[in-house]
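Listed below, chain by chain, are the residues.
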Amino acid sequence: MLEPFVSAVPVLKKLEEAGFEAYFVGGAVRDFLLKNPINDVDIATSATPNEVKKTFPKTVDIGIDHGTILVLFQNKSYEITTFRTESEYQDFRRPKGVSFVRSLNEDLQRRDFTMNAIAMDRFGKLIDPFNGQFAIQERMIRTVGQATERFQEDALRMMRAVRFVSQLGFELERETVKALDHLVPLLAHIAIERKRAEFEKLLKGKNRKQALNLLIETGLFSYLPGLSNHKEHLEELKNYDFDTLSKDEMWTLLIFCLNLEEKSIEGFLRNWRLPLKEIRNIQRILLFLFKRLKQEWTVYDLYLAGSDTIKSVETLFQVLKGNKEFESIFRWVNLYKQLPIKERSDMKVTGNDLLAWFDSKGGPWLHEMLTKIEQAILEGKAVNDNNKIKEWLMECNQK
Ligand code: ATP
Ligand code: MG
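Model, not experiment: these values are computed from the prediction.

Colleague: Help me understand the overall build of the protein in this model?
Modeller: The helix and strand tally for the protein stands at 20 helices and 11 strands. Computed over the C-alpha atoms, the radius of gyration of the protein is 28 Å, more than 25% above the 21 Å expected from 2.2 N^0.38 for a compact globule of 399 residues. Its C-alpha atoms give the protein principal-axis dimensions of about 90 × 50 × 40 Å. Looking at the protein as a whole, 34% of its 399 residues qualify as buried. In the protein, the share of contacts with a sequence separation of at least 24, taken over all contacts with a separation of at least 6, comes to 60%.

Written out as structure tokens, the structure reads:
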């Protein structure tokens, strides 16, 4: 067995010693069988959340209603979820309540795809009642049970199917595609935050071209915020190779392809329920990206943008141009690093100095003059030193 399973084996052992069953489940087992890098290991157990809490001294209730407890063990954290079934589905969404059960098989049965319904015990033995290993060998995404039924229970599973296509490059089984074709409208019932999480993973996936094709062919894109009128633009998104992009850069590229008017960008991102901080960052990247597409950076724009935005803009610039000249990113960032000032507070002159030197009252002129000095310092016309700035201003005045 490999890491991160090895470190987690004592967690399973502890639960077993307390009289419960415990297994590795879900994405980690799938990725292990695929020999892909493994993210977090999820653990499923017959112990109820309270029993889990009694077994480990350090726990956090992160989703106790759904049976999930976070266990802190030897400086690592593990999500431990009680075996459960989800019988009462409402409005095509995940269930309102869950019932805890003592049987692993019942727990595996409620899972979405056969490749995600494999459990592994602490000795590495697989429990695979739905033949998920075969699906993995065939590279096939197949629902546990009937696709139509499972998608009607929770419509998000349709989006998960497509994001797994993107991440894994698997194909969708025929029944699954057929079910998708007529059930996508049910996605209208799904919380946007859940759709966003899947959409972001979809965009990040290596096989996004294939996944975007599916989004378009099945009409799924129409049930995602702000995308229904943008079929052609989504087609365009397929042309770009954006493996290197961060999440915010990915959203920026999407907006760029959608060709949204400036005034609708914020609304579009808000409709996706993106956090305000991310929205502001995306808007900032877009602002400088549009300038960059027209001309090279000016010193003043480098200064206004700052190194993180410069990096994002340049990365996107390369992606849009289909270039791989990533050294140019460092060239611009280095230029930024050499600027004599990085922000206004670095200037060796204040508004009060100006008021005293010119013996005048405050007003809009003050801001204008500070901006003028700032630009002069950046362009090397003035030196960032209180006396020198004063001299420079007097010279300018005489001219
Ligand atoms: P990732 O590597 O992206 O985390 P994952 O398969 O672990 O992929 P998660 O969203 O972390 O995906 O979910 C963990 C497991 O929970 C899945 O493998 C699957 O067994 C189950 N699961 C998650 N969402 C659903 C759902 N909507 N319906 C049924 N089972 C689900
Ligand atoms: Mg996971």
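Colleague: What am I meant to see in the UniProt feature "binding site: CTP" (unreviewed entry) in the protein here?
Modeller: As recorded in UniProt, the sites labelled "binding site: CTP" (unreviewed entry) are Gly 27, Arg 30, Arg 111, Asp 154, Arg 157, Arg 160 and Arg 163. In contact with Arg 30, not counting residues within four places along its chain, are Met 115, Asn 116, Ile 118 and Ile 136. On the secondary structure map, Arg 163 appears in helix α7 (residues 156-168). For Arg 163, the residues in contact, after removing those within four places along its chain, are Glu 198, Lys 201, Leu 202, Gly 205 and Ala 211.

Colleague: For this particular structure, what's the right way to read the environment of Leu 212?
Modeller: The topology assignment puts Leu 212 in helix α10 (residues 208-218). Along the chain, Leu 212 and Met 394 lie 182 residues apart, while their C-alpha atoms are 61 Å from each other.

Colleague: Got a minute to help me understand the UniProt feature "binding site: Mg(2+)" (unreviewed entry) in the protein in this structure?
Modeller: Those residues carrying the UniProt feature "binding site: Mg(2+)" (unreviewed entry) are Asp 40 and Asp 42 in this numbering. Looking at the element boundaries, Asp 40 is found in the loop between α2 (27-33) and β2 (42-45). Among the residues examined, Asp 40 registers 14 C-beta atoms within 10 Å and is labelled partly exposed. For Asp 40, the contacting residues outside a window of four places in its chain are Ala 28 and Glu 79. Note on placement: Asp 42 falls in strand β2. A count of 18 C-beta atoms within 10 Å places Asp 42 in the partly exposed class. The residues touching Asp 42, leaving out its near neighbours within four places in the chain, are Val 25, Gly 26, Gly 27, Ala 28, Glu 79 and Thr 81.

Colleague: What exactly am I supposed to notice about the site of ligand 1 here?
Modeller: Close contacts around ligand 1 come from 13 residues, with Gly 26, Gly 27, Arg 111, Asp 112 and Asn 116 the closest. Within the shell around ligand 1, the residues separate by chemical class into two nonpolar, four polar and seven charged. Two domains share the shell around ligand 1, each providing at least three of its residues, namely domain 1 (1-138) and domain 2 (141-231).

Colleague: Is there a simple way to think about the pairing of strand β3 (residues 59-63) in this case?
Modeller: A regular strand carries its side chains on alternate faces of the sheet. Bridge count between β3 and strand β4 (residues 68-73): four bridges; the pairing is antiparallel. Bridge pairing links Asp 61 to Ile 69 in β4. A loop of four residues connects β3 with β4, the two strands running antiparallel in sequence, and Gly 67 in this loop sits at a positive phi of about 90°.

Colleague: Can you help me understand the pairing of β4 in this one?
Modeller: Pairing of β4 with strand β5 (residues 76-82) involves six bridges; the strand directions are antiparallel. Across the sheet, the residue bridging to Thr 68 is Thr 81, located in β5. Two successive antiparallel strands, β4 and β5, enclose a turn made up of two residues, where Gln 74 displays a positive phi of approximately 45°.

Colleague: Where do I start with unusual backbone geometry in this structure?
Modeller: The bulk of non-glycine residues show a negative phi, and the bulk of peptide bonds are trans. Omega for the peptide link from Glu 3 to Pro 4 comes to 0°, which places this bond in the cis form. Here Pro 4 shows up in the segment before α1 (5-17). The residue Asn 259 is not glycine, and still its phi comes out positive at about 60°. Structurally, Asn 259 is set in the loop between α12 (247-258) and α13 (262-271). Among the residues examined, Asn 259 registers 10 C-beta atoms within 10 Å and is labelled exposed. Its identity is not glycine, yet Arg 273 carries a phi of approximately 60°, on the positive side. Within the secondary structure, Arg 273 is located in the loop between α13 and α14 (276-294).

Colleague: Honestly, α7 in this entry has me stumped. Any pointers?
Modeller: An α-helical turn contains 3.6 residues, so a residue and the one three or four places further along point in the same direction. For α7, with 13 residues, the first-to-last C-alpha span of 18 Å sits near the 18 Å given by 1.5 Å per residue. Within α7, 11 of the 13 residues are buried, leaving the element largely enclosed by the surrounding structure. Listed as buried for α7 are Leu 156, Arg 157, Met 158, Met 159, Arg 160, Ala 161, Val 162, Arg 163, Phe 164, Val 165 and Ser 166. Taken together, the buried residues of α7 touch β10 (140-141), α6 (147-153), β11 (171-172), α8 (174-183), α9 (192-204) and α10. Once α7 finishes, Gly 169 follows within two positions and takes phi at roughly 75°, a positive value.

Colleague: What should I look at first to understand the environment of Asp 353 in this one?
Modeller: Turning to its location among the elements, Asp 353 is positioned in helix α18 (residues 351-358). For the pair formed by Asp 353 and Gln 210, sequence separation is 143 residues and the distance between their alpha carbons is 62 Å.

Colleague: Would you take a moment to explain the sheet that holds β3 for this structure?
Modeller: Remark on secondary structure: sheet strands pair via backbone hydrogen bonds, oriented parallel or antiparallel. If you trace the seven strands from one edge of the open sheet to the other, you get β3-β4-β5-β2-β1-β8-β9, paired in mixed fashion. Strand pairing shows two members of the sheet lacking a second neighbour, β3 and β9 (126-127), which therefore form its edges. Alignment of strand β1 (residues 22-25) against β2, held across four bridges, turns out to be antiparallel. Looking at the pairing, Ala 22 lines up with Thr 45 of β2.

Colleague: Hey, could you run me through the domain arrangement of the protein in this one?
Modeller: Often the size quoted for an interface is simply the accessible area lost on bringing the parts together. Domain annotation of the protein identifies domain 1 (1-138), domain 2 (141-231), domain 3 (240-339) and domain 4 (348-398). Each of domain 2 and domain 3 was reduced to a C-alpha centroid, and the two centroids are 28 Å apart. Counting residues at the interface gives eight residues for domain 2 and seven residues for domain 3. Residues of the side of domain 2 that touches domain 3, tallied by class, amount to three nonpolar, two polar and three charged.

Parameters and conventions
- Residues numbered from 1 in each chain as written.
- Chains lettered and ligands numbered in written order.
- Predicted model: local features only at pLDDT ≥ 70, side-chain atom pairs only at ≥ 80, totals over all residues.
- Helix = DSSP H or I, 4+ residues; strand = E, 2+ residues; numbered from the N terminus.
- Rg over C-alpha atoms; globule rule 2.2 N^0.38 Å.
- Buried ≥ 20, exposed ≤ 12 C-beta atoms within 10 Å, placed from the backbone.
- Contact = placed C-beta atoms within 7 Å.
- UniProt positions renumbered as here; feature names shortened; annotations may be inferred.
- Near = placed C-beta within 6 Å.
- Nonpolar A, V, L, I, M, F, W, Y, C, P; charged D, E, K, R; others polar.
- Domains from an automatic or database assignment.
- Pairing = 2+ DSSP bridges.
- Expected span 1.5 Å × (residues − 1).

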